[in-house]
Amino acid sequence: MTQATLQTLVVINVMLTLVLLAAFIVAYRMVLRIRRLFQEIAPVGALTNARGPQPGDTCPAQPFATLDGRTLELAGGTMPRLLLFVSASCPISRKVIPIARNFCAKEQLELVLAGDDDLVVQAHFAQQTGTSPALFVNDPALGRALEVDKLPAAFLLDQQGVLIARGLVNNREHLESLLNAWESGFNTVQAYINHTRKQNRAG
């Protein structure tokens with residue numbers, strides 16, 4: 001092997017090393033950008049509706065019909081309550097119910113499902129999801145009172161029926177944002193999300 005050939009191989013190896021190093025740097029920067037993108041996108045589903053009761057408002061005091069033929073009032077529970085509006089025809093609702101049940105068990109919240117459908121359909125849905133009929137409100141008056149227009153919609157209430165936080169939810173992070181907004185002293189979930197985004201950008 002001649003000296004010229006050795007020099008050529010050295011030059012090629014150096015160039016390949018530089019190309020691989022550049023590819024690594026580009027890949028690393030892309031991972032950072034994707035990570036930041038997911039930080040920005042993740043909480044979007046927990047948007048607060050400007051219509052209806054807002055955090056700090058007292059929810060309607062009248063009783064609402066449950067699947068067991070009785071009624072349930074939003075105030076008076078032994079612990080804070082997560083009211084989750086769902087539908088048997090909504091695949092996201094089916095996905096979020098077990099997530100919400102696990103979340104409530106961990107955070108010591110009472111989970112109450114709510115909807116507005118045929119009684120037979122709702123009873124079958126409650127059975128499929130392992131929900132007690134006494135904790136499944138099936139009353140159109142409740143959705144109208146809270147002005148629910150999209151599902152799954154969550155309302156976090158204290159024992160006096162005061163609305164702590166509300167928002168659209170489709171994963172555990174959205175449910176946690178409701179609780180975080182309350183614990184962090186923000187009036188709305190979106191205010192908490194915007195604050196978190198600013199902190200992420202600053203970091």
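We now examine the packing of aromatic side chains. Taken as a whole, this structure holds two aromatic pairs when the rule is applied. Ring centres of Phe85 and Phe155 lie 5.6 Å apart, and the angle between their planes is 70°; this geometry places the pair in the edge-to-face category. Placement of the pair is Phe85 in strand E3 (residues 81–85) and Phe155 in strand E6 (residues 153–157), with a sequence separation of 70 residues. Grouping residues by exposure puts Phe85 and Phe155 together as buried. Judged by centre distance (6.2 Å) and plane angle (75°), the rings of Phe125 and Phe136 are edge-to-face. Here the residue Phe125 occupies a position in helix H3 (residues 119–128), and Phe136 occupies one in strand E5 (residues 136–138), the gap between them amounting to eleven residues.

Right, let's get into helix H5 (residues 172–183). Given 3.6 residues per helical turn, the α-helix brings residues three or four places apart onto the same face. Here H5 is twelve residues long and its end C-alpha atoms lie 16 Å apart, about the 16 Å a rise of 1.5 Å per residue gives. Every buried residue of H5 is listed here: Arg172, His174, Leu175, Ser177, Leu178, Leu179 and Ala181. Its side-chain oxygen placed 3.1 Å from the backbone nitrogen of Glu173, Asn171 serves as the N-cap of H5.

We now examine the sheet that holds strand E7 (residues 163–168). Here we have five strands laid out as an open sheet, ordered E5-E4-E3-E6-E7, and mixed in their pairing. The open sheet has two edge strands, E5 and E7, and neither has a second partner. Taking each pair of neighbouring strands and ignoring which way they run, the sheet shows an average axis angle of 20°. Relative to strand E4 (residues 110–115), E3 runs parallel, the two being bridged by five bridges. Each bridged residue has a counterpart across the sheet, and for Leu84 the counterpart in E4 is Leu113. Sheet contacts for helix H2 (residues 91–107): E3 and E4; angle to E3, the most-contacted strand, approximately 175°.

Let us now look at the pairing of E7. A regular strand places its side chains so that they alternate between the two faces of the sheet. Counting buried residues along E7, five of its six residues qualify, which places the element largely inside the surrounding structure. Where E6 meets E7, five bridges bridge the pair, whose relative direction is antiparallel. Across the sheet, residue Phe155 finds its bridge partner in E7, namely Arg166. The antiparallel pairing of E6 with E7 creates a hairpin that spans five residues between the two strands, and Gly161 there sits at a positive phi of about 85°.

Moving on: a nonpolar patch on the surface. Side chains of Leu21, Phe24, Ile25, Tyr28 and Leu32 sit close together on the surface and give an oily, nonpolar patch of about 520 Å² of accessible area. Checked against the element boundaries, Leu32 lands in helix H1 (residues 3–41).

Turning to the side chain of Thr131, a few remarks are in order. Here Thr131 lies in the loop between H3 and E5. Within the local environment of Thr131, its side chain forms a polar contact with the side chain of Arg101, the two groups lying 2.9 Å apart. Filtering out sequence-adjacent residues up to four positions away, Thr131 remains in contact with Arg101, Leu113, Ala126 and Phe136.

The nonpolar side chains of soluble globular proteins are, as a tendency, buried together. Ranked by size, the top nonpolar core spans 24 residues in total, and within it Leu82 and Leu84 carry the most contacts. Listed by contribution, the elements that provide at least two residues to this core are E3, H2, E4, H3, E6, E7 and H5. If you tally residues by element for this core, the top one is H2, at five residues. Dropping the residues within four chain positions of it, Leu82 is found in contact with Ala100, Phe103, Cys104, Glu110, Leu111, Val112, Ala154, Phe155, Leu156, Leu175 and Leu178. Core analysis: the second largest hydrophobic core is formed by 15 residues, Cys59, Leu83, Phe85 and Leu163 among them.

For E3, a buried count of five out of five residues is recorded, marking the element as mostly surrounded by other parts of the structure. This β-α-β element, E3 to H2 to E4, shows right-handed connectivity. Taken together, the five bridges between E3 and E6 define a ladder with antiparallel strand orientation. When the bridges of E6 are listed, Leu82 appears paired with Leu156.

Calculation notes
Residues numbered from 1 in each chain as written. Predicted model: local features only at pLDDT ≥ 70, side-chain atom pairs only at ≥ 80, totals over all residues. Heavy atoms only, no water. Phe/Tyr/Trp six-rings, centres within 6.5 Å; stacked < 30°, edge-to-face > 60°. Helix = DSSP H or I, 4+ residues; strand = E, 2+ residues; numbered from the N terminus. Buried < 20%, exposed > 50% of the residue type's maximum accessible area, 1.4 Å probe, protein only. Expected span 1.5 Å × (residues − 1). Polar contact = N/O pair within 3.5 Å; in protein donor to acceptor, adjacent residues only side chain to side chain. Pairing = 2+ DSSP bridges. Axes fitted to C-alpha atoms, helices over the stretch in contact; angles between N-to-C directions. Contact = heavy atoms within 4.5 Å. Patch = residues over 30% accessible without salt bridge, like charges linked within 9 Å, V, L, I, M, F, W, Y side chains within 5 Å. Areas by Shrake-Rupley, 256 points an atom, 1.4 Å probe, with all protein chains shown as cover. Salt bridge = Lys/Arg side-chain N within 4 Å of Asp/Glu carboxyl O. Core = buried A, V, L, I, M, F, W, Y, C linked by side-chain atoms within 4.5 Å. Right-handed = clockwise from strand over helix to strand, strands pointing away.

In short, shape yes, function no, at least from these values alone.
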